[in-house]
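# Examination of the molecular architecture
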Amino acid sequence: MSRLSNYRESVLQTGYDFVGARVLQTAFELDLFEKVGSGSKTASALAQELNAHPESLELFLNALVSLGFLAADGHAYQNTKFGGEIFLKGEPLYVGDMVALQAKMSGAWLGLKESVLKGQPVEEPEFFKSDEASAGFARAMHNTAMGHAEYLAKKLALGSAKKLLDLGGGPGTFTIHFLKANPGLEATVFDLPATLKTTRQFVEEARLADRVRYQAGDFNVDGIEGTFDACFLSHIIHSQDAEKNKELFRQIFAHLNAGGKLVVQDFFLNADKQSPRFSALFALTMLIHTDSGRTYTFDEVEAWMRKTGFAQVKRPNLRLPRSISLVIGERG
Ligand SMILES: C[S@@+](CC[C@H](N)C(=O)[O-])C[C@H]1O[C@@H](n2cnc3c(N)ncnc32)[C@H](O)[C@@H]1O
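Described below are features of the structure shown in this document. From a predicted model like this one, the values you see are computed outputs, not experimental measurements.

The next subject is the overall build of the protein. The secondary structure content of the protein amounts to 15 helices and 10 strands. For 332 residues, the compact-globule estimate of 2.2 N^0.38 gives 20 Å, and the protein sits close to it at 22 Å. If you line up the protein on its principal axes, its C-alpha atoms span 65 × 50 × 35 Å. Across the 332 residues of the protein, 45% fall into the buried class. Summarising the internal contacts of the protein: among those between residues at least 6 apart in sequence, 67% fall at separations of at least 24. Once the 36 positive and 39 negative side-chain charges of the protein are each reduced to a mean point, those two points are 6 Å apart.

In structure tokens form, the structure reads like this:
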């Protein structure tokens, strides 16, 4: 095939990419991976359990096999080796809460054209509108954070830091791993009251309750309480505009001790604003789901830090998933 044909085929394939996502989401909605469990089940046995149309379910199961999300042995289906570690509830690397959030977020993409024309989400953002929505969102954040929180906590030298602020810390997954990696460290998780209910559960499960405090509030309204040696600001700046972020940096700076660090983790853009791809696409996720969020370039965030007064600004070279990177500012 010519390069043009390959390019054309890849464009046509892009139009089908949502199908795989929808198949995965539906498998979770049917609780299918749990029903298959650690055993081996035929399509007809599963159809009975799910009260499903047998032939249609078989098509669905075969599609899951084609995607590598189930294995098949003759007429029986099993969870794959890796699937058993990420699709079954209670496994540390479980991804089902994030897949459920992705399903919930998928409808808003139909409004992308209108959002591009008007600069606003079509639907009212509702991630934190109820206790249930906040808990689902926090569990999804836990799923994604578990992909690299342990690695990051080991790689990121917090030095002699004794007090960490995890601002917008969500489920507290990063806090938990920072505490595990730094025995002398204590942390405060600042988040919305509804989210903190889930945070407390994760912290208690990790048996770290005696080293974690909480500040319940809105970080754009309520002042930070206390002073800290480090502040972790993870996946927060992309949800709001530059002015709010600059104000947040000023707040944080004022509550950092001398030598204290602000660690910003996000989907940073390169200077061209067109790469990495995940960051460029995530800007649109924020366009359709938030009032004023987008992704930012390294240079933008470094400039905010210098303007705030951070004496040194660094970009550690870590291998993190998707397009996640860090920018670290150190107070003189
Ligand atoms: C994308 S999540 C990031 C969670 C966590 N930092 C992580 O990286 O896994 C954003 C978090 O910010 C919290 N949040 C959003 N707006 C907030 C606000 N105005 N004040 C306090 N917390 C807020 C949410 O509850 C949520 O836990």
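Within strand S4 (residues 163-167), four of the five residues are buried, which leaves it mostly tucked inside the rest of the structure. As paired strands, S4 and strand S5 (residues 186-191) are joined by five bridges and run parallel to one another. Paired with Leu165 across the two strands is Thr188, which belongs to S5. What joins S4 to S5 is helix H11 (residues 173-181), and the crossover it makes is right-handed. Here S4 runs beside strand S7 (residues 228-234); their pairing, made up of three bridges, is parallel.

We now examine the packing of aromatic side chains. Applying the stated criterion across every chain, the model contains 17 aromatic pairs. Where Phe178 meets Phe232, the ring centres are 5.0 Å apart and the plane angle is 85°; that geometry is what we call edge-to-face. In this pair, Phe178 is assigned in helix H11 and Phe232 in strand S7, connecting sequence segments 54 residues apart. Residue Phe178 is classed as buried on the basis of its relative accessible area of 1%. Among the aromatic residues, those joined into a cluster by ring pairs are Phe28, Phe33, Phe69, Phe87 and Tyr94. Taking NZ or CZ as reference, Lys163 lies 5.6 Å from the ring centre of Phe228, over its face. Here Arg331 stacks its cationic end above the ring of Phe253, 4.2 Å away from the centre of that ring.

A regular strand places its side chains so that they alternate between the two faces of the sheet. In terms of strand pairing, S7 meets strand S8 (residues 256-267) through six bridges, oriented parallel. The residue bridging Cys231 from the neighbouring strand is Leu262, located in S8. Each parallel crossover has a hand, and for S7 linked through helix H13 (residues 242-254) to S8 it is right-handed. Judged from the seven bridges that link them, S8 and strand S10 (residues 324-330) form a sheet pairing that is antiparallel. Each bridged residue has a counterpart across the sheet, and for Lys261 the counterpart in S10 is Glu330.

About the cut-offs
- Residues numbered from 1 in each chain as written.
- Predicted model: local features only at pLDDT ≥ 70, side-chain atom pairs only at ≥ 80, totals over all residues.
- Heavy atoms only, no water.
- Helix = DSSP H or I, 4+ residues; strand = E, 2+ residues; numbered from the N terminus.
- Rg over C-alpha atoms; globule rule 2.2 N^0.38 Å.
- Buried < 20%, exposed > 50% of the residue type's maximum accessible area, 1.4 Å probe, protein only.
- Contact = heavy atoms within 4.5 Å.
- Lys, Arg positive; Asp, Glu negative; His and termini not counted.
- Charge placed at Lys NZ, Arg CZ, Asp CG, Glu CD.
- Pairing = 2+ DSSP bridges.
- Right-handed = clockwise from strand over helix to strand, strands pointing away.
- Phe/Tyr/Trp six-rings, centres within 6.5 Å; stacked < 30°, edge-to-face > 60°.
- Lys NZ or Arg CZ within 6 Å of the ring centre and 35° of its normal.

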